[in-house]
Amino acid sequence: MKSLACLVLAGSLMAAADARADDADFLRSFQGSFAGKGTVKVTTEAPTVNVSCTFSSGATATSLSLDGKCRGLVVVARAISADLKSSGAGYTGVYVGSRTGPAQLAGKRSGNAINLGIRWAKEVNGDRKARLTVEKTGGDGMRLTVTDVDPKTGKTVVTSRIDLSRT
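The paragraphs below set out a description of the structure included in this document. Values in this document were obtained by computation on a predicted structure and should not be read as measured data. (Residues numbered from 1 in each chain as written. Predicted model: local features only at pLDDT ≥ 70, side-chain atom pairs only at ≥ 80, totals over all residues. Heavy atoms only, no water.)

1. As for the environment of K152
- Relative to the helices and strands, K152 is located in the loop between strand 9 (141-149) and strand 10 (156-166).
- Owing to a relative accessible area of 67%, K152 belongs among the exposed residues under this scheme.
- Side chain to side chain, K152 and E45 meet in a polar contact 2.9 Å long. (Helix = DSSP H or I, 4+ residues; strand = E, 2+ residues; numbered from the N terminus. Buried < 20%, exposed > 50% of the residue type's maximum accessible area, 1.4 Å probe, protein only. Polar contact = N/O pair within 3.5 Å; in protein donor to acceptor, adjacent residues only side chain to side chain.)

2. A look at the sheet that holds strand 5 (residues 90-96)
- Taken together, 10 strands build a closed barrel; the order of strands is 1-2-3-4-5-6-7-8-9-10 and the barrel is antiparallel. Direction aside, the axes of adjacent strands within the sheet are offset by 25° on average.
- Pairing analysis gives 8 bridges linking strand 7 (residues 113-124) to strand 8 (residues 127-137), with the strands arranged antiparallel. Within the sheet, the bridge partner assigned to I114 lies in strand 8 and is V134. (Pairing = 2+ DSSP bridges. Axes fitted to C-alpha atoms, helices over the stretch in contact; angles between N-to-C directions.)

3. Some details on the pairing of strand 6 (residues 103-110)
- Two elements, strand 5 and strand 6, share 6 bridges in a ladder whose sense is antiparallel. When the sheet's bridge partners are listed, G90 is paired in strand 6 with K108.
- The sheet contact formed by strand 6 and strand 7 spans 7 bridges and is antiparallel. Its bridge partner lying in strand 7, G107 is registered against L116.
- Connecting strand 6 to the antiparallel partner strand 7 that follows it, the hairpin turn spans 2 residues, and G111 within it adopts a positive phi of roughly 65°.

4. A few points about the pattern of salt bridges
- Per the stated rule, a full pass over the model turns up 7 salt bridges.
- The residue R109 makes a salt bridge to D23 at a minimum N-O spacing of 2.7 Å. A residue pair is termed long-range when its members are at least 10 positions apart, and R109 in strand 6 and D23 in helix 1 (residues 2-28) qualify at 86 residues.
- We classify R109 as partly exposed; its relative accessible area is 22%.
- Judged by relative accessible area, which is 14%, D23 ranks as buried.
- Measuring nitrogen to oxygen at the nearest pair gives 2.5 Å for the salt bridge that ties D163 to R143. Linking D163 in strand 10 with R143 in strand 9, this pair joins segments that are 20 residues apart in sequence.
- D163 gets classed as partly exposed once you look at its relative accessible area, which sits at 30%. (Salt bridge = Lys/Arg side-chain N within 4 Å of Asp/Glu carboxyl O.)

Structural data, given as structure tokens:
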């Protein structure tokens with residue numbers, strides 16, 4: 001019985017080590033420069049604005065840093081960044097780019113995506129919560145999607161979606 005418990009424990013430790021190695025490779029796959037287009041809404045009720053974006057991404061075995069700029073309506077530009085750290089099965093970090101100030105991020109990886117809860121510095125759309133997904137798309141792409149709940153309808157609304165390709 002004792003040897004069975006040791007075997008199960010050893011298997012669990014090996015699986016955890018494989019998962020960390022897989023996460024390290026996953027994070028490193030975001031390394032590089034990216035450019036693309038997308039849409040942004042300041043609130044769930046605001047009109048959609050088309051944007052063009054460029055991002056530089058730094059990655060290590062345990063972190064991902066996105067630093068970019070998006071331009072819309074020819075004259076409007078906004079700096080955007082996110083810094084994530086992996087710890088065990090979870091990710092935490094900070095998102096900068098909202099007009100409310102730096103936001104806290106926390107979540108987990110699921111397949112080719114890191115799904116994060118956002119906690120805004122101030123209320124947006126009636127509360128301080130939203131969702132950010134950083135998704136690997138193909139070998140050379142990524143998609144950044146922010147969703148929020150419309151306080152009037154209770155429906156989830158995509159407030160930004162940016163598709164990027166490695167440059």
